[in-house]
Amino acid sequence: METPDNAAEPTGPTGPAESTESTESTENAGHTGIAAQDWATASAEPQYRAAVVDLLGALAYGELAAFERLAEDAKLAPTLGDKAELAKMASAEFHHFERLRDRLSAIDAEPTGAMEPFAQALDDFHRQTAPSDWLEGLVKAYVGDSIASDFYREVAARLDSDTRALVLAVLDDTGHGNFAVEKVRAAIEADPRVGGRLALWARRLMGEALSQAQRVVAERDALSTMLVGGVADGFDLAAVGEMFTRITKAHTQRMAALGLAA
């Protein structure tokens, strides 16, 4: 259990109700519009509610697919220790999926129905980028999943406080990042020729991931409207361009961490 930021603060004479209000105010400091509201208030706008259901549906299916992929990749692991590590990460991804599924149910959205519109695009991405070996699988998980996580974190900044907290929680690192960097860098050190092949692979992953993200957004009216500013406090077109610039920059930094050229 994590300790709240205000755990050391004295309770004072105001009582629990005022203390809770103060905590919520602190959490929403700096946010405006929908981002400063809770779900109960923000969801009164039907278009915003539809956009959130889409977002949670896409994220839930992504977590379910990540679980399946990591379990499959474990078969390629060269050692029993590596296999166990991937199994642990797969378990964490499935737990994230369960949280999103339960949240969809809690807001009266049918989880399977919310995920269904995104299944084909994500399945196509994974089919088109199936790794041929253990190292390609590690790079895919590190690069591909990180691009998706960057996108969802960007969107989370514009979400209501309750939805934002959930999205950020399920994007927590499962440990795959450090694990992938360690294994890939060790492989390149052992055989520098591996670096060139994996760099090409990572660039392909970047292109495919961005292409699929654009496809998903374009096919869902509520989600695309939120991204380009049709819902209060959403992105405008210039902000969308800046968002993808930040995602690309983060990708370049991750490539460097792996010891690969972007």
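An account of the accompanying structure is given in this report. (Residues numbered from 1 in each chain as written. Predicted model: local features only at pLDDT ≥ 70, side-chain atom pairs only at ≥ 80, totals over all residues. Heavy atoms only, no water.)

Moving on, we come to the overall build of the protein chain. Secondary structure summary: the protein chain contains 11 helices and 0 strands in total. Each helix and strand of the protein chain, ordered N terminal to C terminal, gives the series α-α-α-α-α-α-α-α-α-α-α. Looking at the protein chain as a whole, 44% of its 262 residues are labelled buried. Look at the contacts in the protein chain between residues 6 or more apart in sequence, and 79% of them connect residues 24 or more apart. (Helix = DSSP H or I, 4+ residues; strand = E, 2+ residues; numbered from the N terminus. Buried < 20%, exposed > 50% of the residue type's maximum accessible area, 1.4 Å probe, protein only. Contact = heavy atoms within 4.5 Å.)

Below, the discussion takes up helix α6 (residues 134-156). Given 3.6 residues to a turn, an α-helix orients residues that are three or four positions apart in the same direction. The terminal C-alpha atoms of α6, which comprises 23 residues, lie 32 Å apart, in line with the 33 Å expected from a rise of 1.5 Å per residue. Taking the backbone nitrogen of Leu135 as reference, a side-chain oxygen 3.3 Å away marks Asp133 as the first, capping residue of α6. (Expected span 1.5 Å × (residues − 1). Polar contact = N/O pair within 3.5 Å; in protein donor to acceptor, adjacent residues only side chain to side chain.)

A complete count under the given rule lists 5 aromatic pairs for this structure. Measuring from ring centre to ring centre gives 5.5 Å for Phe94 and Phe97, while their planes differ by 45 degrees; the resulting arrangement is tilted. Of this pair, Phe94 and Phe97 are both found in helix α4 (residues 80-106), 3 residues apart, which corresponds to roughly one turn of the helix. For Phe97, a relative accessible area of 7% translates into the label buried. Between Phe151 and Tyr152, the aromatic rings sit 5.6 Å apart at their centres with planes inclined by 65 degrees, giving edge-to-face as the arrangement. Relative accessible area serves as the criterion here: at 12%, Phe151 is assigned to the buried category. Look at Tyr152 and you get buried, because its relative accessible area is 13%. Counting every residue linked through ring pairs, the aromatic cluster contains Phe67, Phe94 and Phe97. (Phe/Tyr/Trp six-rings, centres within 6.5 Å; stacked < 30°, edge-to-face > 60°.)

Right, let's talk about the pattern of salt bridges for a bit. Between side chains of opposite charge, pairing is possible as soon as their charged atoms come close. Going through the model one piece at a time under the given rule, you end up with 11 salt bridges. Across the salt bridge formed by Asp150 and Arg254, the nearest N and O atoms sit 2.8 Å from each other. Taken together, the residues span a long stretch of sequence, with Asp150 in helix α6 and Arg254 in helix α11 (residues 237-258) at a distance of 104 residues. With respect to class, Asp150 is no different from Arg254; both count as buried. Here Arg193 ties to Asp191 by a salt bridge, and the two come within 3.1 Å at their closest N and O atoms. Take Asp191: its relative accessible area is 24%, and that puts it in the partly exposed class. Overlapping salt bridges bring together Asp133, Glu136 and Arg197 as one network. (Salt bridge = Lys/Arg side-chain N within 4 Å of Asp/Glu carboxyl O.)

Looking now at the side chain of Lys140. Along the chain, the position of Lys140 falls in helix α6. For the buried Lys140, no salt bridge exists, and the shortest N-O distance to an oppositely charged side chain is 6.9 Å, to Asp73. For Lys140, the residues in contact, after removing those within four places along its chain, are Arg69, Phe125, His126, Thr129, Ala130, Pro131, Asp145, Trp201 and Leu205. (Lys, Arg positive; Asp, Glu negative; His and termini not counted.)

Spatial relationships are all this shows, so hold off on functional conclusions.
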